[in-house]
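Working through the structure, step by step
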Amino acid sequence: MAVDIIVCIKQVPNPEHFSKISLDPVTKTINREGIPVITNPWDKNALEEGLRIRERFSGKVVVLSMGPPQTRKSLEEALAMGADEAFLLCDRAFAAADTLATAYTLARGIQKIGHFDLVLCGNETVDSGTGQVGPQIAQFLSITCVTNVKEITFQEERKLIVKRALESGHMKVKVELPALLAVGQEINKPRLITAFGIMQAAEREPRVWGCEDIGAERDSIGGEGSPTRVLETLEHRPKRKGKIMTGSPEEMVKKAIERLREMGGLI
Amino acid sequence: MDFNLTRQQEMLRDAVHEFADAELAPRALELDEKGEFPFDIVKRTAEMGLVGIMTPKEYDGTEMGHLARMIAIEEISRVYPPLGFFFQTGHLGHWSLQTYGTEEQKKKYLPPLCRGEMVICDAITEPSGGSDPTTTQTTAELAGNEFIINGRKVYITLAGVADLACVLAKTDDKFNEILVEKGTPGFEITRREHLAGFRTTPVNEVAFTNCRVPKSNLIGQEGKGLGIGLSAISVIGRTGVAGIGLGIARGCYEAALKFAKERQLYGKPIGELQAIQFALVDMNVEIEATKWLSYYAAWQIDQGKGIREIGVDIARAKLLGCDLANKVAPKAVQIMGGYGLSEEYHVVRRLRDALHLFPAAGTQEIMKVTIGRSIMA
């Protein structure tokens, strides 16, 4: 049984450098200049799951992303991890897309790639965390969608049991392919890139497609195709302030309890 | 002039960085405490294609080159320097074999070496000293189709765990490099040295008593052994030391920087005090300077330049790499105060390892002799 898989990935600012991110007061967008980028960690879990499914059965793992030219780096890393092919949707017209326009563009990319049995993506991203793009892609492709996936089990050809995480506990869902599964980080531990993978990937270049290549409608992509409007962006500045008690341990505890009582934290 | 690393080299750096943080850092203290050679980690790095990083693909290597090798050694040594030392020393034999070995030797030994199923050591230094190998006393008498080896070697890194040794010996008045397999009668691994650092990379004495090996174990042409041994020490050993020195320095600098940002004194982080900040700045600048000088030496090897042409560049890299580690590590201890001496903070073990770089692959003074000869010529 061959399973052809498309994994959608996104390049995001490295969370270790989030403190350096600033907001542009005019465009209301995040200023990412000079912030190192990584592949969204959830998407690496999605890729890892795709590679494991390919190792168990057969088929191809194709990686797809939308973004500026530097997104190529994430696709090259995906190839080094073991993906068979990589496509980058890169066009100025795609810029400033909200989740709907992004999902539309990725869905057009998937249709252009052609045959697939399974689409995998991360459940959310570290930068915006809406969790909307996966389900929206599934809607555009008219296929089944399951989110928060923590385990995928193949029962028989084209039939899966998918375990999805709930706030407390989990839910088992029967899924028939084709489907889109948005995975959580507990599903697996992504493999590390090896020198062997790097050298094999050196022979495969990511292919780049623009708006015309995927036949996207101009009014459905980029800022123009985005129904969402950002009216205001606000920086979160914590106002809480620590207070250090002094004295012997007994005195400090007494003072802390008094302070908590004053604030209504203790009855 | 292009200072950019290739995409492959960048990806390798990120991958080895991640590997070192995820798989070496949690085990560093325990490994050092036990002092046992980490066969499982060596196997893991072999699976990642790091052991065969400069070996041609046809012998199961990844053929990424010498700059890639230096970057990998640097990233590994940033977290666990003894593993960097394994690469520094083990690759001496890999390189001698792939550069001078017969096709039969390459096919027999390089694939298991690259897969981490075999370990090789270089046996050159003798009790008379390591700086002048022309005083080698070990003999390899030619008797028909065999060499009969007699003599003693000291400070042989990896000998205790090696399956194969590359031995420098004299046949009449000529030098030969000869392969000796573990278990060959008359080849004995004797006492293990108890040294300050690199605790998981064993250093032993070895002895040869009428040890007979086939003549086909000769590496390269007859009588060229000294040149082969010294070239390996320069091209592989010294660049390896530069990589380890860079790694140790970065590891210590990062630990001291983190500490200086967190540790409060007079109501503010000590990093805001200029005495501390300037020490960190000095570390930062010296690491960058040494990095580019060392990368340049390794890059030139990848460009196919010969040892005669770039021996001085390599000597500069070894000299600075060793000095860098031995300046930055004690300074980090100083910034961190008592914590710097605590094993939990991972700086003092790197300081112990840094000390080993002084004699490794030629002393600092020998580097100066090499550079001195070049500038006085």
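Values in this document were obtained by computation on a predicted structure and should not be read as measured data. (Residues numbered from 1 in each chain as written. Chains lettered and ligands numbered in written order. Predicted model: local features only at pLDDT ≥ 70, side-chain atom pairs only at ≥ 80, totals over all residues. Heavy atoms only, no water.)

1. Comments concerning the overall build of chain B
Our working rule: Numbering of helices and strands runs from the N terminus, with a helix taken as a DSSP run of H or I at least four residues long and a strand as a DSSP run of E at least two residues long. The reference for a compact globule is 2.2 Å times residues^0.38; the radius of gyration itself is calculated from the C-alpha atoms. Relative accessibility under 20% of the residue-type maximum defines a buried residue, over 50% an exposed one, and the middle range a partly exposed one, all with a 1.4 Å probe and only protein chains included.
Along its length, chain B carries 11 helices and 10 strands. Scaling as 2.2 N^0.38, a compact globule of 377 residues should have a C-alpha radius of gyration of about 21 Å, and chain B matches this with 21 Å. Taken along its principal axes, the extent of the C-alpha atoms in chain B is 80 × 45 × 40 Å. Going through the 377 residues of chain B one by one, you find that 57% of them count as buried.

2. Overview of the domain arrangement of chain B
Residues and elements named next belong to chain B. For clarity, the threshold we go by: Just so you know, the domain bounds were taken from an automatic or database domain assignment. Pairs of residues are marked as contacts when any of their non-hydrogen atoms sit within 4.5 Å. A simple way to read buried area is as the amount of 1.4 Å-probe accessible surface that goes missing from two parts once joined, with both sides added. Take a side-chain nitrogen of Lys or Arg and a carboxyl oxygen of Asp or Glu: if they are within 4 Å of each other, that pair is a salt bridge. Counted as a polar contact is a pair of N or O atoms within 3.5 Å, where, for protein atoms, one must be capable of donating a hydrogen and the other of accepting one, and residues adjacent in sequence contribute only when both atoms are in side chains. Put simply, Ala, Val, Leu, Ile, Met, Phe, Trp, Tyr, Cys and Pro go in the nonpolar bin, Asp, Glu, Lys and Arg in the charged bin, and everything else, Gly too, in the polar bin.
Looking at chain B, the domain boundaries give domain 1 (7–114), domain 2 (120–221) and domain 3 (226–376). For domain 1 versus domain 3, the distance between C-alpha centres works out to 20 Å. Counting residues at the interface gives 30 residues for domain 1 and 34 residues for domain 3. Between domain 1 and domain 3 the total buried area reaches about 2600 Å² when both faces are included, carbon and sulfur atoms providing 66% of it. Among the residues domain 1 hides against domain 3, the three largest losses belong to Met70, Glu74 and Arg78. Together they make up 25% of the total. Run the count over domain 1 and domain 3 and you get four salt bridges. For Arg78, the salt bridge is made with Glu254, and the minimal N-O distance between the two is 2.9 Å. Taken together, the connections running from domain 1 to domain 3 amount to 13 residue pairs in polar contact (both at pLDDT 80 or more). Every element with two or more residues in the side of domain 1 that touches domain 3 is listed here: α1 (7–24), α2 (28–34), α4 (66–79) and α5 (81–100). Among the elements that line the side of domain 1 that touches domain 3, the one with the most residues is α4, at 11 residues. Looking at the side of domain 1 that touches domain 3 residue by residue, the classes come out as 16 nonpolar, eight polar and six charged.

3. Structural notes on the pairing of strand β2 (residues 139–143) of chain B
Residues and elements named next belong to chain B. To keep it simple, the criterion reads: Paired strands, in this sense, are two strands between which DSSP finds at least two bridges.
Of the pairings in the sheet, the one linking β2 to strand β3 (residues 146–157) comprises five bridges and is antiparallel in character. Each residue of the ladder has a partner; that of Ala143, found in β3, is Glu146. Connecting the antiparallel pair β2 and β3 is a turn made up of two residues, with Gly144 showing a positive phi of about 65°.

4. Digging into the pattern of salt bridges
All names here are of chain B. In total, this model carries 40 salt bridges over all chains according to the counting rule given. For the salt bridge of Arg152 with Glu205, the shortest nitrogen-to-oxygen distance reads 2.8 Å. Of the two residues, Arg152 sits in strand β3 while Glu205 sits in strand β7 (residues 203–214), which places them 53 residues apart along the sequence. Judged by its relative accessible area of 39%, Arg152 is partly exposed.

5. Structural notes on the interface of chain A and chain B
If you look at the interface, chain A gives 14 residues, while chain B gives 21 residues. Of the roughly 1400 Å² buried between chain A and chain B, counting both surfaces, carbon and sulfur atoms make up 67%. At the boundary of chain A and chain B, one finds one salt bridge. Taking the shortest distance from any N to any O, the salt bridge between Arg7 of chain B and Glu76 of chain A comes out at 2.5 Å. The interface formed by chain A and chain B holds two residue pairs in polar contact (both at pLDDT 80 or more) in total.

6. A few points about the packing of aromatic side chains
For clarity, the threshold we go by: Centre distance within 6.5 Å is the pairing criterion for rings of Phe, Tyr and Trp, where only the six-membered ring of Trp is used; planes under 30 degrees apart are then read as stacked, over 60 as edge-to-face, and the remainder as tilted. Should the NZ of a Lys or the CZ of an Arg lie within 6 Å of a ring centre and within 35 degrees of the ring normal, that charge is described as sitting over the ring.
According to the stated counting rule, one finds 15 aromatic pairs over all chains in the structure shown. The interplanar angle of 75° and the centroid separation of 5.3 Å between the aromatic rings of Phe86 of chain B and Phe87 of chain B together place this pair among those described as edge-to-face. A residue is classified by how much of its surface remains accessible, and Phe86 of chain B, at 7% relative accessible area, is buried. Judged by its relative accessible area of 4%, Phe87 of chain B falls in the buried class. Taken together, the ring pairs connect Phe37, Phe39, Phe86 and Phe87 of chain B into an aromatic cluster. Against the face of Trp209 of chain A rests Lys112 of chain A, its NZ or CZ located 5.5 Å from the ring centre.

7. Notes on the side chain of Glu193 of chain B
Tracing the backbone shows Glu193 of chain B in the loop between β6 (187–192) and β7. A polar contact of 3.0 Å, which involves the side chain of Glu193 of chain B, links it to the side chain of Arg191 of chain B.

8. A look at the domain arrangement of chain A
By a frequent convention, interface size equals the accessible area lost on bringing the separate parts together. Domain annotation of chain A identifies domain 1 (5–220) and domain 2 (241–267). Inter-centroid distance (C-alpha atoms) of domain 1 of chain A to domain 2 of chain A is 49 Å.

9. Looking at the pairing of β7 of chain B
Residue and element names in this part refer to chain B. As defined by bridge partners, β3 adjoins β7 across nine bridges and the pair is classed as antiparallel. Its bridge partner being in β7, Ile149 is matched across the sheet by Cys211. Summarising the sheet, β6 and β7 pair through four bridges and their orientation is antiparallel. Bridge pairing links Arg192 to Asn204 in β7.

10. Points about a nonpolar patch on the surface
Note the following rule: For patches, a residue must show more than 30% relative accessible area and have no salt bridge; joins then use 9 Å for like charges and 5 Å for nonpolar side chains, namely Val, Leu, Ile, Met, Phe, Trp and Tyr. In short, Shrake-Rupley with a 1.4 Å probe defines the accessible areas, and a residue's cover is counted only from the protein chains shown.
Where nonpolar side chains cluster on the molecular surface, the patch consists of Val253, Ile257, Leu260 and Leu266 of chain A and spans about 300 Å² of accessible area. Given a relative accessible area of 36%, Leu266 of chain A falls into the partly exposed group.

11. Looking at the nonpolar core
Formally: In these notes, a set of buried Ala, Val, Leu, Ile, Met, Phe, Trp, Tyr and Cys residues joined through side-chain atoms within 4.5 Å is what counts as a nonpolar core.
Within the largest apolar cluster, 144 residues are counted, with the highest numbers of intra-cluster contacts made by Leu12 and Leu50 of chain B. Counting residues per element, this core draws most heavily on helix α7 (residues 225–262) of chain B, at 17 residues. Other than its neighbours up to four places away in sequence, Leu50 of chain B contacts Ala195 of chain A together with Leu12, Val16, Thr45, Ala72, Ile76, Phe87 and His91 of chain B. Ile6, Val62, Val119 and Leu180 of chain A belong to the second-largest nonpolar core, a separate cluster that totals 27 residues.

12. Focus on the sheet that holds strand β11 (residues 170–176) of chain A
All names here are of chain A. How we decide: Only the contacting stretch of a helix is used when fitting its axis, a line to C-alpha atoms as for every element, and angles between N-to-C directions run 0 to 180 degrees.
Overall, mixed pairing links the nine strands, which are arranged β11-β10-β9-β12-β8-β1-β6-β7-β13 in an open sheet. Each edge of the open sheet carries a strand with a single partner, namely β11 and β13 (207–209). Here the strands of the sheet are splayed against their neighbours by 30° on average, with no regard to which way each runs. Bridging between strand β8 (residues 118–122) and strand β12 (residues 179–183) involves five bridges; their strand directions are parallel. Counterpart to Gly122 in the pairing with β12 is Val183. Its contacts with the sheet place helix α1 (residues 41–56) against β1 (5–8), β6 (61–66), β8, β9 (144–156) and β12, and it is angled at close to 150° to β8.

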